[in-house]
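# Chains, contacts and geometry: an overview
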Amino acid sequence: MAHPSQLGFQDAASPVMEELLHFHDHALMIVLLISTLVLYIIVAMVSTKLTNKYILDSQEIEIVWTVLPAVILILIALPSLRILYLMDEINDPHLTIKAMGHQWYWSYEYTDYEDLGFDSYMVPTQDLVPGQFRLLETDHRMVVPVESPIRVLVSAEDVLHSWAVPSLGVKMDAVPGRLNQTAFIASRPGVFYGQCSEICGANHSFMPIVVEAVPLEHFEKWSTMMLEDA
Amino acid sequence: MSLAKPAMRGLLGKRLRFHLPIAFALSLVAAAAFKYGVTEPRKQAYADFYKQYDTTKEFNNMREAGVFESVRPTGK
């Protein structure tokens, strides 16, 4: 989850998010390069006593400031496309989960083997126990096996929502009448938080997502227990 | 007795020829500083973290700390 005074991304918990982090660093480096250049030039142009400052034409500088931006754009585009295709690779998921957005909660369905489904409501602030996070905890978490490719089919029952978990590098719009697919691998066990990312009414800020990644044997015990309780 | 004629042309070009290389050099230095100060350490930090990462050990530590809801600490 995010922490106070955080400036950057949350720590990556999936391989795709790690790639996105490194790409962001690369793009930010290029932004810093251009910004430093432009700032220096602005200061140099403003702090001069020269009165005739305007070049009328110069073939050399025109070539430079056409070719250089094109090269920079290619340097950004190549890693970007690499990640785009990486995210779309055939990923042969071990498990498929449906995440349905409602006003104002998520529901999860694990229907690969048995019919397991449950709702996931935010824990109200007055019901939190010490150690829990305000506006982020839910009564039932989406439990997944760690280090396994998981496919999530996202849709909505009423209005637009969006299922997002920043540390897993996942965000997918939940559109009523449409099934959107996304996938992730949790690289390590833990609890990963997200929030609805498409305005959906009064309680849009109060329908969080919590993904709990545990080893497979514990995931199997949990799903058996949930089926018995249902 | 007569003074040398001062430069009256090419003043902007002279200024640009002085400042533009410095501008490019500074921006490359800034980019290199970011690359070797932020980007590479971050990549190395992730590589080092996962090199020694013991999933079972970390899971058990988190379990005993009561982090999970699907798995209670042993003894509970």
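None of these values were measured; they are calculated from a predicted model. (Residues numbered from 1 in each chain as written. Chains lettered and ligands numbered in written order. Predicted model: local features only at pLDDT ≥ 70, side-chain atom pairs only at ≥ 80, totals over all residues. Heavy atoms only, no water.)

## Examining the confidence of the model for chain A
What counts is decided by this rule: pLDDT is a residue-level measure of predictor confidence that goes from 0 to 100. For helices the rule is a DSSP run of H or I covering at least 4 residues; for strands it is a run of E covering at least 2, with both sets numbered from the N terminus onward.
Confidence in the prediction of chain A, expressed as mean pLDDT, is 95, and 100% of residues score 70 or more. Mean pLDDT values over the elements of chain A span from 93, in helix α3 (residues 216-229) of chain A, up to 98, in strand β6 (residues 161-165) of chain A.

## A few points about the UniProt feature "domain: Cytochrome oxidase subunit II transmembrane region profile" (unreviewed entry) in chain A
Going by this rule: UniProt positions are given in the numbering used here, feature names are shortened, and annotations may be inferred rather than shown by experiment.
Mapped onto this structure's residue numbering, the UniProt feature "domain: Cytochrome oxidase subunit II transmembrane region profile" (unreviewed entry) falls at residues 1-91 of chain A. Overall, residues 1-91 of chain A shows 67% helix and 0% strand. The separation of its end C-alpha atoms is 26 Å.

## Regarding the layout of surface pockets
This is how the line gets drawn: Lining residues are defined by having an atom within 4 Å of a point belonging to a cavity or pocket. Those points lie on a 1 Å grid over the protein atoms alone, cavities being sets where a 1.4 Å probe fits but cannot get out and pockets being open sets with protein on both sides within 12 Å along at least five of seven lines. Grid points are joined across faces, edges and corners, and a volume is the space filled by probe spheres set on the points. Just so you know the grouping, Ala, Val, Leu, Ile, Met, Phe, Trp, Tyr, Cys and Pro go in nonpolar, Asp, Glu, Lys and Arg go in charged, and all remaining residues, Gly too, go in polar.
The volume enclosed by the largest pocket comes to roughly 700 Å³. Forming the boundary of the largest pocket are 28 residues, of which L37(A), I41(A), W65(A), L68(A) and F24(B) lie nearest the centre. Elements represented by at least two residues in the lining of the largest pocket include exactly α1 (15-46) and α2 (59-87) of chain A together with α1 (11-51) of chain B. Residue classes in the lining of the largest pocket are distributed as 23 nonpolar, two polar and three charged. The calculated volume of the second largest pocket comes to roughly 590 Å³. Lining of the second largest pocket is provided by 22 residues; of these, V16(A), M87(A), D88(A), T182(A) and A183(A) occupy positions nearest its centre. Taken together, the elements giving at least two residues each to the lining of the second largest pocket come down to α1, α2, β7 (170-174) and β8 (180-185) of chain A. Counting residues per element, the lining of the second largest pocket draws most heavily on β8(A), which supplies five residues.

## Side note on the interface of chain B and chain A
Test applied: Here a residue-residue contact requires only that any non-hydrogen atoms of the pair lie within 4.5 Å. A carboxyl oxygen of Asp or Glu within 4 Å of a side-chain nitrogen of Lys or Arg is what we treat as a salt bridge. Any pair of N or O atoms that falls within 3.5 Å is considered a polar contact. Within protein, one atom must be able to donate a hydrogen and the other to accept it, and sequence-neighbouring residues count only if both atoms are side-chain atoms.
Contact with chain B, which involves 33 residues of that partner, is made by 42 residues of chain A. One can count two salt bridges joining chain B with chain A. Summed over the shared surface of chain B and chain A, the number is 10 residue pairs in polar contact (both at pLDDT 80 or more). Elements supplying a minimum of two residues to the side of chain B that touches chain A: α1 and α2 (55-64) of chain B. For the side of chain B that touches chain A, the leading source of residues is α1(B), giving 23 residues. The residue makeup of the side of chain B that touches chain A, split by class, is 22 nonpolar, five polar and six charged.

## Structural notes on the domain arrangement of chain A
All names here are of chain A. Selection rule: Bear in mind that the domain bounds are from an automatic or database domain assignment. Summed over both partners, the accessible surface that disappears when two parts come together, traced with a 1.4 Å probe, is what is meant by buried area.
When cut into domains, chain A gives domain 1 (13-86) and domain 2 (93-227). Placing a centre on the C-alpha atoms of domain 1 and another on those of domain 2 gives a separation of 39 Å. Summed over both partners, the interface of domain 1 with domain 2 comes to about 530 Å²; 54% of that surface belongs to carbon and sulfur atoms. Ranking the residues of domain 1 by area buried against domain 2 places A13, S14 and M17 at the top, with a combined share of 75%. The tally of links from domain 1 across to domain 2 stands at zero salt bridges. For the interface between domain 1 and domain 2, the tally reads three residue pairs in polar contact (both at pLDDT 80 or more). For the side of domain 1 that touches domain 2, a count of residues per class yields five nonpolar, one polar and one charged.

## Concerning empty space enclosed by the protein
Overall, the coordinates contain one cavity of 30 Å³ or more when judged by the stated rule. Estimated volume of the largest cavity: approximately 30 Å³. Along the walls of the largest cavity sit Y40(A), I41(A), A44(A), M45(A), L16(B), H19(B) and L20(B), which together make up its complete lining. Elements supplying a minimum of two residues to the lining of the largest cavity: α1 of chain A together with α1 of chain B. Counting residues per element, the lining of the largest cavity draws most heavily on α1(A), which supplies four residues. For the lining of the largest cavity, the class distribution of residues is six nonpolar, one polar and no charged.

## Details of the packing of aromatic side chains
All names here are of chain A. Cut-off, in case you're wondering: A pair of aromatic rings is counted whenever rings of Phe, Tyr or Trp (Trp by its six-membered ring) have centres within 6.5 Å, and the orientation is called stacked for planes under 30 degrees apart, edge-to-face for over 60 and tilted otherwise. Remark: exposure states derive from per-residue accessible area (1.4 Å probe, protein chains only) relative to the maximum for the residue type, with buried under 20%, exposed over 50%, and partly exposed in between.
Counted according to the given criterion, the structure contains 13 aromatic pairs over all chains. Ring centres 5.8 Å apart and planes at 85° place the aromatic pair F118 and W222 in the edge-to-face group. Taken together, the residues F118 in strand β3 (residues 116-120) and W222 in helix α3 connect sequence positions 104 residues apart. For the pair formed by F118 and W222, the shared burial category is buried. Plain terms: the ring middles of W163 and F184 are 6.5 Å apart, the flat faces sit at 25° to each other, and that makes the pair stacked.

## Some points on a nonpolar patch on the surface
Quick reminder of the rule: For patch detection, residues must exceed 30% relative accessible area and be free of salt bridges, and they are connected within 9 Å for like charges or within 5 Å for nonpolar side chains (Val, Leu, Ile, Met, Phe, Trp, Tyr). Throughout, the Shrake-Rupley method with a 1.4 Å probe supplies accessible areas, and for residues the shown protein chains are the sole cover considered.
On the surface, I34(A), V38(A), I42(A) and V46(A) cluster together into a nonpolar patch covering about 350 Å² of accessible area. Examined against the element boundaries, I42(A) turns out to sit in helix α1.

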